[in-house]
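# What the coordinates show
The lines below spell out each chain.
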Amino acid sequence: MLGSAVVWLGYLVVLSAAGVAVVAGASWCLLDRPTFDRFAGRLLRAWWRRWVVYQRQWFDLAYRAGLVVTDHRGRAWAPKVLRVSSSWCWDHVRIRMVKTQEPGDFEAVLERLANAYRARRATVRTLKPGVISLDFQIREPFDEMPVPLPPLPESPESVDLGRLVIGRTEYGRDFALDLLRGLHVLLAGATGSGKGSWLWGLIRQLAPMVRAGSVRLWVIDPKGGMEFGAGREMFHRFADSDETGLDLMREYVETLDTRKEDLGRQGVRTATASLATPMDVLIVDELAAMTQYCTRDIAREFEPLLGKALTQYRAVLGRVVGAVQEPHKDTVPMRGLFPTKIALRLDEASYVDMTLGEGVRDRGALADQIPEIMPGVGYVKHDGRREPLRVRAAFTSDDDIAALVAYCTGSTITPLRREQPPAPRRSAIAEATEADIESIDFFDGDDEDHDAA
Ligand SMILES: Nc1ncnc2c1ncn2[C@@H]1O[C@H](COP(=O)(O)OP(=O)(O)OP(=O)(O)O)[C@@H](O)[C@H]1O
Ligand SMILES: [Mg+2]
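Residues numbered from 1 in each chain as written. Chains lettered and ligands numbered in written order. Predicted model: local features only at pLDDT ≥ 70, side-chain atom pairs only at ≥ 80, totals over all residues.

In the annotation of an unreviewed UniProt entry, the chain is listed under the name Cell division protein FtsK and assigned to Saccharopolyspora gregorii.

Below is the structure:
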């Protein structure tokens, strides 16, 4: 009698604990999906998808796709699913190939596997000899998510330099750049990937301070002013060639050196952006034009100046925002000095880790897989945070740029268009998210040492 009462009580306790955990998890997920996904959601999703999707159908699909190998005794050898990990948009299925197979065998049937698993696209990566990762894109949040131009701060005082909203994250939240703690920003993207809209988005958020003189923009657009020529009136300095770019860089460094000395003498350790000590933002649209595709003399003088700008002016409000198409070491020798790194669509898989850091592509930043029809989409990596974030910047049109210039130069009395973001639609994100509370990540280390069979 007593025994069954204890069992019954234990039962109740376990059930209530499970209920509390589910309610707490669901509330966490509803209140803060990005953090929930980062710490719990992707683990749950990976676990779920491993057992319910990938593992369950694997042998059958591998057989149909011709990936099962038969030996001379008639025994069938199938590649083995070792582990599944998951980010918001991609699943990564780690596979041990059968001996004698090669990644090309999987490449040949990728489309079939993607279709079978209802993925939007698939790609294969070699992780180490005998082991590959099949990556399946399971959703594209930006297909249906509108990314409106964010509203502008009303006044210079309401500009938060630590939170300059320029677009949306894959979770549908505002995405902001941080020029206070995030310091310098490196933007890598192939031609047409949307670097321009990121840069203009940032400039636009600074507009009230630019107008008031507490932020000054130093812009080098060495491609003849194609991208930023329209804004020359609102920039403190503007250069449209490599020679004038070098002059601008010299003046930038001189100005900040002088400020550093002045503030040092006054005992000011960290300046606040104001008319007397403006934040000086240096924007270089194509770094390669100043470091590689220019005369040796220009590059030789420019690089140390840029290195100085990246290392010495944090406290005196010098910030650098650089864009580049090919993030080689020759092009951006000082990549590591940019704490905020963004990879838009890139031409080569190897460029992803060059931009975001070692191993970040393996953690889901497949920037080389961003389709051409999605300009403005990229992956962001903040120092000190493991997971890359998929983000899209809002598009700043030519009309928006003209209005911005007029606003900053005071040649208009009409306030800048302040678009309110449309009411959130129950679009892919909202719907998919509810359906996806299942998700899980899984690590099955033991399996890795087993032979495929
Ligand atoms: N955030 C965005 N949303 C939607 N469309 C965009 C976005 N950004 C850019 N586009 C579209 O993509 C085109 C190319 O973008 P953009 O000029 O910014 O590329 P880029 O990376 O600066 O290229 P390049 O290196 O050639 O200068 C734009 O003309 C625009 O039509
Ligand atoms: Mg451009």
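So, about the overall build of the chain. Secondary structure assignment for the chain yields eleven helices and 16 strands. Counting all 453 residues of the chain, 42% fall into the buried class. In the chain, 68% of the contacts between residues at least 6 apart in sequence involve partners at least 24 apart. (Helix = DSSP H or I, 4+ residues; strand = E, 2+ residues; numbered from the N terminus. Buried ≥ 20, exposed ≤ 12 C-beta atoms within 10 Å, placed from the backbone. Contact = placed C-beta atoms within 7 Å.)

Pairing between sheet strands relies on hydrogen bonds along the backbone, with the strands arranged either parallel or antiparallel. What the four strands build is an open sheet, ordered β3-β4-β6-β5; its pairing is antiparallel. Strands at the two margins of the open sheet, each flanked by one partner only, are β3 (80–86) and β5 (121–128). Taken over all neighbouring pairs, the strand axes of this sheet differ in orientation by 25° on average, direction set aside. In the packing of helix α2 (residues 33–64) onto the sheet, contacts are made with β3 and β4 (90–96), and the angle to β3 comes to roughly 150°. (Pairing = 2+ DSSP bridges. Axes fitted to C-alpha atoms, helices over the stretch in contact; angles between N-to-C directions.)

Below, the discussion takes up the site of ligand 1. If you check the shell around ligand 1, you find 15 residues, and the closest are Gly194, Gly196, Ser197, Pro375 and Gly376. Tallied by class, the residues present in the shell around ligand 1 amount to four nonpolar, nine polar and two charged. (Near = placed C-beta within 6 Å. Nonpolar A, V, L, I, M, F, W, Y, C, P; charged D, E, K, R; others polar.)

The subject of this paragraph is the UniProt feature "binding site: ATP" (unreviewed entry) in the chain. Look at the UniProt record and you will see "binding site: ATP" (unreviewed entry) annotated at Gly189, Ala190, Thr191, Gly192, Ser193, Gly194, Lys195 and Gly196. Along the chain, Gly194 turns up in the loop between β9 (185–188) and α5 (195–212). Given 23 C-beta atoms within a 10 Å radius, Gly194 is considered buried. (UniProt positions renumbered as here; feature names shortened; annotations may be inferred.)

The phi angle at Arg118 is positive, at roughly 55°, despite the residue not being glycine. Its location among the elements puts Arg118 in the loop between α4 (110–116) and β5. One non-glycine residue, Leu183, lies in positive phi territory at about 50°. Secondary-structure assignment places Leu183 in the loop between β8 (174–177) and β9. What makes Leu183 partly exposed here is the crowd of 19 C-beta atoms within 10 Å.

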